[in-house]
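Listed below, chain by chain, are the residues.
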Amino acid sequence: LSACATSPSDKSAATATPKNIEMAPQWAEMTKQAISEGHYGDAQRLLMQMMLADPKNPETRILVAELHFATGLLDQSLAEFEALKDVQAVSARAFQGIGLVRILKHDEDAASKALLQAVAADGHLWRAWNALGYYYDTRKDWAEAERSYDKAISANPRSALTYNNRGFSYFLQGKIQKA
């Protein structure tokens, strides 16, 4: 979390609560960064403080679901994502989460429906596009797979995972030179 002004490891961050509503987005960004970097303990500490400040906040609740997903608690994360799918502020991300969990649980049809709802609501959800690429690969729908990977790369050009998945898709298609 070196890019943040305050690290969750700092005593001030570990004991403070984001009582000032203007600080909530900063805490949320710190939590997202901690999850993406695999600093799950830091993310959990931040989320506990955020829950104390506002336990019904949809952003906090979606981050709890994301943390559970990242740490492999799929049933818990699925229940949390499902509970948030009708909350406008986070519904696209909730559908993305539902789709990602369903992919991991090998329920591809339910996954694709949730992922399509996610990208229809927010076309910048690169993880949803990437997972749709995987889904279409499993169906050998190469055109849709490539389109999905391209959309994922457009949404997040720094995602090595998406480039890797698109390359593997080309490999599956026998397009070794493109892979």
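Counting restarts for each chain: residues are numbered from 1 in the order of the written sequence. Local features in a predicted model are, by the rule used here, given only for residues with pLDDT of at least 70; side-chain atom pairs are given and counted only at 80 or more, and totals for whole chains, interfaces and linings are based on all residues. Computation of side-chain values covers all heavy atoms of the structure but excludes hydrogens and water.

1. Looking at the pattern of salt bridges
Then, number 1: The salt bridge criterion pairs a side-chain nitrogen of Lys or Arg with a carboxyl oxygen of Asp or Glu, the two atoms within 4 Å. Applying the stated criterion across every chain, the model contains 13 salt bridges.
Then, number 2: The closest approach of N and O atoms between E82 and K85, which form a salt bridge, is 2.9 Å.

2. Some points on unusual backbone geometry
Then, number 1: Positioned with a positive phi, H106 is a non-glycine residue whose angle comes to about 60 degrees.
Then, number 2: Numbering goes from the N terminus for both helices and strands, where a helix is a DSSP run of H or I of at least four residues and a strand is a run of E of at least two. Topologically, H106 is positioned in the loop between α6 (91-104) and α7 (108-121).
Then, number 3: The exposure class of H106 is exposed, given its relative accessible area of 60%.
Then, number 4: Phi angles above zero are rare outside glycine, and K140 is one such case at about 55 degrees. Here the term buried applies to any residue with accessible area under 20% of the maximum for its type, exposed to any over 50%, and partly exposed to those in between, with areas from a 1.4 Å probe on protein chains only.

3. What about a nonpolar patch on the surface?
Then, number 1: Residues with no salt bridge and a relative accessible area higher than 30% make up the patches, which join like charges within 9 Å and nonpolar side chains (Val, Leu, Ile, Met, Phe, Trp, Tyr) within 5 Å. Accessible surface is estimated by sampling points in the Shrake-Rupley manner with a 1.4 Å probe; for residues, cover comes only from the protein chains shown. On the surface, F168, F171, L172 and I176 cluster together into a nonpolar patch covering about 410 Å² of accessible area.
Then, number 2: Examined against the element boundaries, F171 turns out to sit in helix α10 (residues 160-173).
Then, number 3: On the basis of relative accessibility, which here comes to 47%, the residue F171 falls in the partly exposed class.

4. Considerations on the nonpolar core
Then, number 1: Residues I62, F81 and L115 are the most contacted members of the largest nonpolar core, which totals 41 residues.
Then, number 2: Looking at this core, the element that brings in the most residues is α6, giving seven residues.
Then, number 3: Beyond its immediate stretch of four places on either side in the chain, L115 contacts F95, Q96, G99, L100, I103, A128, A131 and L132. Throughout, nonpolar core names a set of buried Ala, Val, Leu, Ile, Met, Phe, Trp, Tyr and Cys residues whose side chains join them through atoms within 4.5 Å. Whether two residues are in contact is decided by their heavy atoms, any of which lying within 4.5 Å being enough.

5. Here's the deal with the packing of α6 against helix α8 (residues 126-138)
Then, number 1: As a rule, the C-alpha atoms of each element are fitted with a line to give its axis, helices using only the stretch in contact, and angles between N-to-C directions run from 0 to 180 degrees. The interhelical angle for the contact between α6 and α8, taken along N-to-C directions, is 35 degrees, at an axis separation of 10 Å. Two packed elements cross with a definite hand, and for α6 against α8 that hand is left-handed. Here Q96, L100 and I103 of α6 come into contact with α8, specifically with W126, R127, A128, A131, Y134 and Y135.
Then, number 2: All residues other than Ala, Val, Leu, Ile, Met, Phe, Trp, Tyr, Cys, Pro, Asp, Glu, Lys and Arg, Gly among them, are scored as polar; the first ten of these are nonpolar and the last four charged. Its residues assigned to classes, the contact of α6 with α8 shows seven nonpolar, one polar and one charged. Should the near helix be turned counterclockwise from the far one by less than a right angle, the crossing is left-handed, whereas a clockwise turn marks it as right-handed.

6. Observations concerning the packing of aromatic side chains
Then, number 1: In this analysis, rings of Phe, Tyr and Trp, with Trp reduced to its six-membered ring, are considered paired at centre separations within 6.5 Å, and the interplanar angle assigns stacked below 30 degrees, edge-to-face beyond 60, and tilted for intermediate values. On inspection of all chains with the given rule, the structure shows two aromatic pairs.
Then, number 2: On the basis of an interplanar angle of 65 degrees and a centroid distance of 5.3 Å, the ring pair of Y135 and Y136 is categorised as edge-to-face.
Then, number 3: Since its relative accessible area comes to 10%, Y135 is described here as buried.
Then, number 4: Taking the centre distance of 5.8 Å and the plane angle of 25 degrees together, the rings of F168 and F171 count as stacked. Placement of the pair is F168 and F171 together in helix α10, with a separation of three residues, close to one helical turn.
Then, number 5: Taking the relative accessible area as the measure of exposure, F168 reaches 48% and is therefore partly exposed.

7. Considering helix α5 (residues 74-84)
Then, number 1: Turning to α5, its buried residues number three or more, namely S77, L78, F81 and L84. Along α5, the residues classed as buried sweep out an arc of 130 degrees about the axis, all on the same side.
Then, number 2: In this fold, the buried residues of α5 make contact with α4 (58-70) and α6. Note that the arc is defined by the directions from the helix axis to the C-beta atoms.

8. Quick word on the environment of D141
Then, number 1: Note that D141 resides in the loop between α8 and α9 (142-155).
Then, number 2: A sequence separation of 32 residues divides D141 from Q173, and the C-alpha atoms of the two residues are 9.9 Å apart.

9. Some details on the side chain of S169
Then, number 1: Its place among the elements puts S169 in helix α10.
Then, number 2: Judged by its relative accessible area of 1%, S169 falls in the buried class.

10. Examining the confidence of the model for the protein
Then, number 1: When pLDDT is averaged along the protein, the result is 89; 87% of the residues meet or exceed 70.
Then, number 2: pLDDT is a residue-level measure of predictor confidence that goes from 0 to 100. Note on residues 1-15: pLDDT is under 50 here. Beyond four places in sequence and across chains, it has 24 contacts.

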